[in-house]
Amino acid sequence: MDSLLPPSRFSYFKKYPLHAIRRYLSTLRNQRAEEQVARFQKIPNGENETMIPVLTSKKASELPVSEVASILQFKNPLIMLLLASAVISVLMHQFDDAVSITVAILIVVTVAFVQEYRSEKSLEELSKLVPPECHCVREGKLEHTLARDLVPGDTVCLSVGDRVPADLRLFEAVDLSIDESSLTGETTPCSKVTAPQPAATNGDLASRSNIAFMGTLVRCGKAKGVVIGTGENSEFGEVFKMMQAEEAPKTPLQKSMDLLGKQLSFYSFGIIGIIMLVGWLLGKDILEMFTISVSLAVAAIPEGLPIVVTVTLALGVMRMVKKRAIVKKLPIVETLGCCNVICSDKTGTLTKNEMTVTHIFTSDGLHAEVTGVGYNQFGEVIVDGDVVHGFYNPAVSRIVEAGCVCNDAVIRNNTLMGKPTEGALIALAMKMGLDGLQQDYIRKAEYPFSSEQKWMAVKCVHRTQQDRPEICFMKGAYEQVIKYCTTYQSKGQTLTLTQQQRDVYQQEKARMGSAGLRVLALASGPELGQLTFLGLVGIIDPPRTGVKEAVTTLIASGVSIKMITGDSQETAVAIASRLGLYSKTSQSVSGEEIDAMDVQQLSQIVPKVAVFYRASPRHKMKIIKSLQKNGSVVAMTGDGVNDAVALKAADIGVAMGQTGTDVCKEAADMILVDDDFQTIMSAIEEGKGIYNNIKNFVRFQLSTSIAALTLISLATLMNFPNPLNAMQILWINIIMDGPPAQSLGVEPVDKDVIRKPPRNWKDSILTKNLILKILVSSIIIVCGTLFVFWRELRDNVITPRDTTMTFTCFVFFDMFNALSSRSQTKSVFEIGLCSNKMFCYAVLGSIMGQLLVIYFPPLQKVFQTESLSILDLLFLLGLTSSVCIVAEIIKKVERSREKIQKHVSSTSSSFLEVWLWQRSGQQLVEIQPHLETGLPLTEDVSCV
């Protein structure tokens, strides 16, 4: 929050002594506790027992009508166009059209409501917490009470593992360290004091070191504090109010559908105008022409499109649930297909958020590699290719012993109780089978770690050798530990520590630090000033399994990934390099540098930045705004309360399901149930596939609609006999908006789609290429149908056979058109004829229905058809397959053109490289990265 938040009232509580605060709060204690709860928490008693404030999603039944209407998207231009069409149909007594359009609208809003309601319910299940309890002192007695019953002025006792139940002004603290990552984004626990603190000019939460914030976690120590804020009067509440004030941007799909609705409206008015003009020029009655043109315009509007869009998105949401992601709003699934920048937290998303020892350096120069990840015994310690266990290697064992004994952490059932760094040392001991050493020693004295001294030491005796002298174990920063050392271990011997040996250790420490490892030094000895240096351990929060592959795939597809972390530059760059995020051409920017720039300046350099280090959640908003200023569609991950505002401002806010706070989940559009970055890649793949399916449907629907309208318009304007009767036109409309069309929306996602670049959110669904394909298909359908009609109408008398042949021809054209519309780039045989089972069933059902219409006597009377011979059907199949054949040829030509363009591009690049190599006579000048990224070339290359 920091600079984003308004000036906080907490400045009062942190700078005044305790007796002044108690006097201020005592004026509030005269009122009844229930009134205080109502005043400060503003929720009915007993209504909700989750962590205060109650920031879970609103239930659908509690929403006002205006919000429900918004959810159901009645303001969508396409829906508004359909509503207008329904009203016009009623006025013109075309009740069948009015009913079909109304049913379409009801289906859309019902599916959207049900799916979003299910997402909300899933989110509620995810965010349910055990009613938090706390220890409160009232009237001198220690009470066990629910956190929601606290009021300002109460005294609360805290101990290790407690979740802080309200904002507290501390007045008693013993070695207190609180994890404030949920609020500030900083992974390092914050040490707390009780003394009054000077007012901070920037409102930084870190400066309020005598206040414990609600929702944070006590990592070690114990404390007592006075309640100063609950509910919306807490820092949690401040962020929530800011989050509500931030308006979420419209999704690209909503923008595309808005544009499509406006385009269709424009085309509809165009149809009305053209037909009326032509009719007037031909001397026909204007009112009659207006009636016909309005009917055709209404018929041209694809009322099935909103259904397909909604159902396709709903199915995408359900598939995402199986991939461990909860999507709160339907359009967000497709938005991920436009996403070209992902800003991700390092800790817990790209990495495991489990500190792990990966390297050991002994005082006599041995290097050991440690495998395994997390707080468990799975892994090995390897020295020169051999696995070390127990006391097999004394030099390594002494380091592990010191790290295990000089330690306050405990690991139970793979869960850490204590500091992450100490947990990593306990896990190392578990891997070597030495974790029992902690119980072998009796602790006589302890020198706790502090940020000033940067080391911790314990004085112990062995349980079985209590008559022997005490022994000290120390761990901490190398620069501090080495000051207390006078000797070092070398192959079992204790030697005097020389300056030359100190330089060796300093170089090794620098090498490990440059690799991104957090370096700890360990020592032991009889007294603090007479310690023997044992060695160094390198600790890191390792990348999650599979993240590197996901990052590589996304970057290759044109998605830029930016890491935001509070860690040092060395650690951040090391992890980013391991994941393939950081290259020689990348830049890293610190939080201080972000503060020194405005959004305009940051937007100029942000495309080249891969890592933001020493950055806090308050910097995320500026990063988002700078990227959006460049036209990027940004996905932002977050888990803390302070991330909420940024998540809402991003195009796609992604919250963590396990480590995320309720406020964060409320602000986000999507929640990763298992906090896995790979799920984002799956969601992007799903989004691209959904958009392709919508385009496929639009192509089929519009090409069929245009063909049908052209047939009827030509017949009406040119005084031709109508080739189709009313019932046959109704049947064609059912097919256009029915199962074959709807099944295009459930086409399986193409596995190659993730490799394609994100689409430009400014692009309309109706691109020039798609309009060309629609017109080609429409022309083929119209010409083929008119040819059959002309062929059958040689006697100038319309018979049932003439209309049956024409009708069946149009229906078969529809089926082949739907087949070719399943993919815009791949052949039908590449994607598989039966890969979409729903499509197969829909087409089979439509063909069976058409055969019933032709051969079933009761339906023959209704549709005015007659039976056709096998030769007639074979002729029609051969003719109507032309629309599919032509579409496949167009796809083949487009693919060949793409291959030629790629080949020409790669050949020209290779030629330029060879020419430069020959010209210089030296090493090949590497310009390929510059050609790909568009970065400026070096002087030698650019002169070419």
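Counting from 1, residues in each chain are numbered in the order their sequence is written. Only residues with pLDDT of at least 70 are given local features in this predicted model, and only at 80 or more are side-chain atom pairs given and counted; all residues enter the totals for whole chains, interfaces and linings. Excluded from the side-chain calculations are hydrogens and water; all other atoms, namely the structure's heavy atoms, are used.

An unreviewed UniProt entry annotates the chain as Calcium-transporting ATPase of Cebus imitator. UniProt's Sequence similarities (unreviewed entry) comment on the chain is quoted here verbatim: "Belongs to the cation transport ATPase (P-type) (TC 3.A.3) family. Type IIA subfamily." UniProt positions are given in the numbering used here, feature names are shortened, and annotations may be inferred rather than shown by experiment. Under the Subunit (unreviewed entry) heading, UniProt states for the chain: "Monomer. Homodimer."

1. With respect to the overall build of the chain
Comment: elements are numbered from the N terminus, with helices defined as DSSP H or I runs of at least four residues and strands as E runs of at least two. The number of helices and strands found in the chain is 37 helices and 28 strands. Burial classes: relative accessible area under 20% of the type maximum marks a residue as buried, over 50% as exposed, and values in between as partly exposed (1.4 Å probe, protein chains only). Looking at the 944 residues of the chain, the share that counts as buried comes to 53%. Residue contacts follow a heavy-atom distance rule, with two residues in contact if any of their heavy atoms lie within 4.5 Å. Relative to all contacts within the chain whose residues are 6 or more apart in sequence, the contacts with residues 24 or more apart total 69%. Values of accessible area rely on a 1.4 Å probe in the Shrake-Rupley scheme; residue burial ignores everything except the protein chains shown. Here the chain has roughly 42300 Å² of accessible surface; of this, 58% comes from carbon and sulfur atoms.

2. Some details on the side chain of Ser820
If you trace the backbone, Ser820 turns up in helix α30 (residues 800-820). A distance of 2.9 Å separates a polar side-chain atom of Ser820 from the backbone oxygen of Asn817. Those residues within four positions of Ser820 in sequence are excluded, and the remaining contacts are Arg699, Val828, Cys884, Ala887, Glu888 and Lys891. Here a polar contact is taken to be a pair of N or O atoms separated by no more than 3.5 Å, where protein atoms must pair a possible hydrogen donor with a possible acceptor and residues adjacent in sequence count only if both atoms sit in side chains.

3. A look at the UniProt feature "transmembrane region" (unreviewed entry) in the chain
As annotated in UniProt, the feature "transmembrane region" (unreviewed entry) corresponds to residues 264-283, 289-318, 697-717, 770-790, 802-819, 839-856 and 868-890 in the numbering used here. For the annotated span residues 839-856, helix accounts for 94% and strand for 0% of the residues, and the straight-line distance between the end C-alpha atoms is 25 Å. Secondary structure across residues 868-890 comprises 87% helix and 0% strand; the distance between its end C-alpha atoms is 33 Å.

4. Brief notes about unusual backbone geometry
In this structure, Asp384 is a non-glycine residue whose phi angle is positive, near 50 degrees. Along the chain, Asp384 falls in the loop between β12 (381-383) and β13 (386-388). Positive phi values are uncommon outside glycine, yet Arg614 reaches one of about 50 degrees. Residue placement: Arg614 occurs in the loop between β25 (609-613) and α23 (620-629).

5. Examining the nonpolar core
Side-chain atoms within 4.5 Å are what join buried Ala, Val, Leu, Ile, Met, Phe, Trp, Tyr and Cys residues into a set we call a nonpolar core. Counting residues in each nonpolar core, the largest one holds 75 residues, and the members touching the most others are Ile342, Phe533, Leu554, Met563 and Phe677. Looking at which element gives the most residues to this core, the answer is helix α26 (residues 678-717), with nine residues. Those residues in contact with Phe533 that sit more than four places away from it in its chain are Ser363, Tyr478, Ile482, Cys485, Thr487, Tyr488, Gln489, Tyr505, Ala521, Leu522 and Ala523. Counting 39 residues, the second largest nonpolar core, distinct from the first, contains Val381, Ala427, Leu520 and Ile539.

6. As for helix α18 (residues 499-514)
An α-helical turn contains 3.6 residues, so any two residues separated by three or four positions project in the same direction. Expected helix span is computed as 1.5 Å times (number of residues minus one). Counted at 1.5 Å a residue, the expected span for α18 with its 16 residues is 22 Å, and the 22 Å between its end C-alpha atoms agrees. All buried positions along α18 are accounted for by Gln501, Tyr505, Glu508 and Met512. Along α18, the residues classed as buried sweep out an arc of 60 degrees about the axis, all on the same side. Facing away from the buried surface of α18 by more than 90 degrees, the exposed residues are Gln499, Gln500, Gln507 and Ser514. Considering only its buried residues, α18 is in contact with β10 (356-362), β11 (367-370), α17 (478-481), β19 (485-490), β21 (518-525) and β22 (531-540). Positioned one or two residues after α18, Gly516 has a phi angle of 90 degrees, which is positive. In this description, one arc is meant: the one made by directions from the helix axis to the C-beta atoms.

7. Some thoughts on the sheet that holds β25
Within the open sheet, the eight strands sit side by side as β8-β28-β27-β26-β9-β23-β25-β24. Their pairing is mixed. The open sheet has two edge strands with one neighbour each: β8 (325-327) and β24 (587-590). The sheet shows a mean angle of 20 degrees between the axes of neighbouring strands, taken without regard to direction. Note on pairing: DSSP must find at least two bridges between two strands before they are called paired. In terms of strand pairing, strand β27 (residues 652-656) meets strand β28 (residues 670-672) through three bridges, oriented parallel. If you follow Val654 over to β28, its bridge partner there is Met670. The axes are straight lines fitted to the C-alpha atoms, using for helices just the contacting stretch, and the angles between their N-to-C directions are given from 0 to 180°.

8. Some points on the packing of aromatic side chains
Two descriptors summarise a pair of aromatic rings, namely the distance from one centre to the other and the angle between the planes of the rings. Two aromatic rings, drawn from Phe, Tyr or Trp (for Trp, its six-membered ring), form a pair once their centres lie within 6.5 Å of each other, and the interplanar angle then sorts them: stacked below 30 degrees, edge-to-face above 60, tilted otherwise. This model, assessed by the stated rule, comprises nine aromatic pairs. Here Tyr447 and Trp455 contribute two aromatic rings whose centre-to-centre distance is 6.3 Å and whose plane-to-plane angle is 50 degrees, an arrangement assigned as tilted. Overall, Tyr447 belongs to the partly exposed group, its relative accessible area being 29%. Residue classification places Trp455 among the buried residues on the basis of a relative accessible area of 6%. One aromatic cluster is present, built from ring pairs that chain together Phe361, Tyr478, Tyr488, Tyr505 and Phe533. Counting as a charge over the ring demands two things of the Lys NZ or Arg CZ atom: a distance within 6 Å of the ring centre and an angle within 35 degrees of the ring normal. The side chain of Arg759 reaches across the aromatic face of Tyr691, ending 3.7 Å from its centre. Positioned above the aromatic ring of Phe875 is the side chain of Arg791, whose terminal nitrogen or guanidinium carbon lies 4.3 Å from the ring centre.

9. Brief notes about the pairing of strand β17 (residues 455-462)
The element β17 is extensively covered by neighbouring structure, given that seven of its eight residues are classed as buried. Pairing of strand β16 (residues 441-447) with β17, which is carried by six bridges, proceeds in the antiparallel orientation. Bridged to Ile442 within β17 is Val461. The pairing of β17 with strand β18 (residues 471-476) spans six bridges and is antiparallel. For Lys459, the partnering residue across the bridge sits in β18 and is Cys472.

10. A closer look at the packing of α30 against helix α34 (residues 870-880)
Between α30 and α34, the shortest axis-to-axis distance is 9 Å and the interhelical angle comes to 45 degrees. Taken as axis vectors, α30 and α34 run oblique relative to one another. Of the two elements, α30 crosses α34, and the hand of that crossing is right-handed. In this structure, α30 uses Arg801, Met805, Thr808, Cys809, Phe812, Phe813 and Phe816 to contact α34, whose residues at the interface are Asp872, Leu873, Phe875, Leu876, Leu877, Leu879 and Thr880. In this classification, Asp, Glu, Lys and Arg are treated as charged, Ala, Val, Leu, Ile, Met, Phe, Trp, Tyr, Cys and Pro as nonpolar, and every other residue, Gly included, as polar. Of the residues assigned to the contact of α30 with α34, the class counts are 10 nonpolar, two polar and two charged. Roughly parallel here means an angle under 35 degrees, roughly antiparallel means over 145, roughly perpendicular means 65 to 115, and every remaining angle is called oblique. Crossing handedness: left-handed means the near helix sits turned counterclockwise from the far one by under a right angle, and right-handed means the same turn made clockwise.

11. A short note on the pattern of salt bridges
A pairing counts as a salt bridge when a side-chain nitrogen of Lys or Arg comes within 4 Å of a carboxyl oxygen of Asp or Glu. A full pass over the atoms with the stated rule returns 20 salt bridges. When the shortest N-O distance is used, the salt bridge between Asp752 and Lys826 registers 2.7 Å. Residue Asp752 is located in the loop between α28 (739-743) and α29 (768-792), and its partner Lys826 is located in the loop between α30 and α31 (828-831); the two are separated by 74 residues in the primary sequence. By sharing partners, the salt bridges in this structure join Asp750, Asp752, Arg755 and Lys826 into a single network.

12. Remarks on the side chain of Ser881
Residue placement: Ser881 occurs in the loop between α34 and α35 (882-920). Looking at Ser881, the relative accessible area reads 16%, which means it is buried.

13. Things to note about the environment of Lys837
Looking at where Lys837 falls in the secondary structure, it is placed in helix α32 (residues 837-855). With 89 residues separating them in the primary sequence, Lys837 and Pro748 have C-alpha atoms 9.7 Å apart.

14. Considering a nonpolar patch on the surface
Among the surface-exposed residues, Phe266, Tyr267, Ile706, Ile771, Leu775 and Ile779 lie close enough to one another that they form a single nonpolar patch of about 560 Å² accessible area. At the level of secondary structure, the elements contributing two or more residues to the nonpolar patch comprise α9 (252-281) and α29. The element best represented in the nonpolar patch is α29, accounting for three residues. Candidates for patches are residues over 30% relative accessible area with no salt bridge; among them, like charges are joined within 9 Å and nonpolar side chains (Val, Leu, Ile, Met, Phe, Trp, Tyr) within 5 Å.

15. Points about the pairing of strand β26 (residues 634-638)
Of all five residues making up β26, five are buried, and the element is well covered by its neighbours. Where strand β9 (residues 341-345) lies against β26, three bridges are found, and the strand directions are parallel. When the bridges of β26 are listed, Ile342 appears paired with Ala635. Across four bridges, the pairing between β26 and β27 is parallel. Directly across from Ala635, in β27, lies its bridge partner Ile652.

16. Remarks on the packing of α30 against α32
Axis separation between α30 and α32 bottoms out at 11 Å; the angle between their running directions is 175 degrees. Looking at the two axes, α30 sits roughly antiparallel to α32. Listed contacts from α32 to Thr804, Phe807, Thr808, Val811, Phe812, Met815, Ala818 and Leu819 of α30 are Phe839, Val843, Ser846, Ile847, Gln850, Val853 and Ile854. The residue inventory of the contact of α30 with α32, partitioned by class, reads 11 nonpolar, four polar and no charged.

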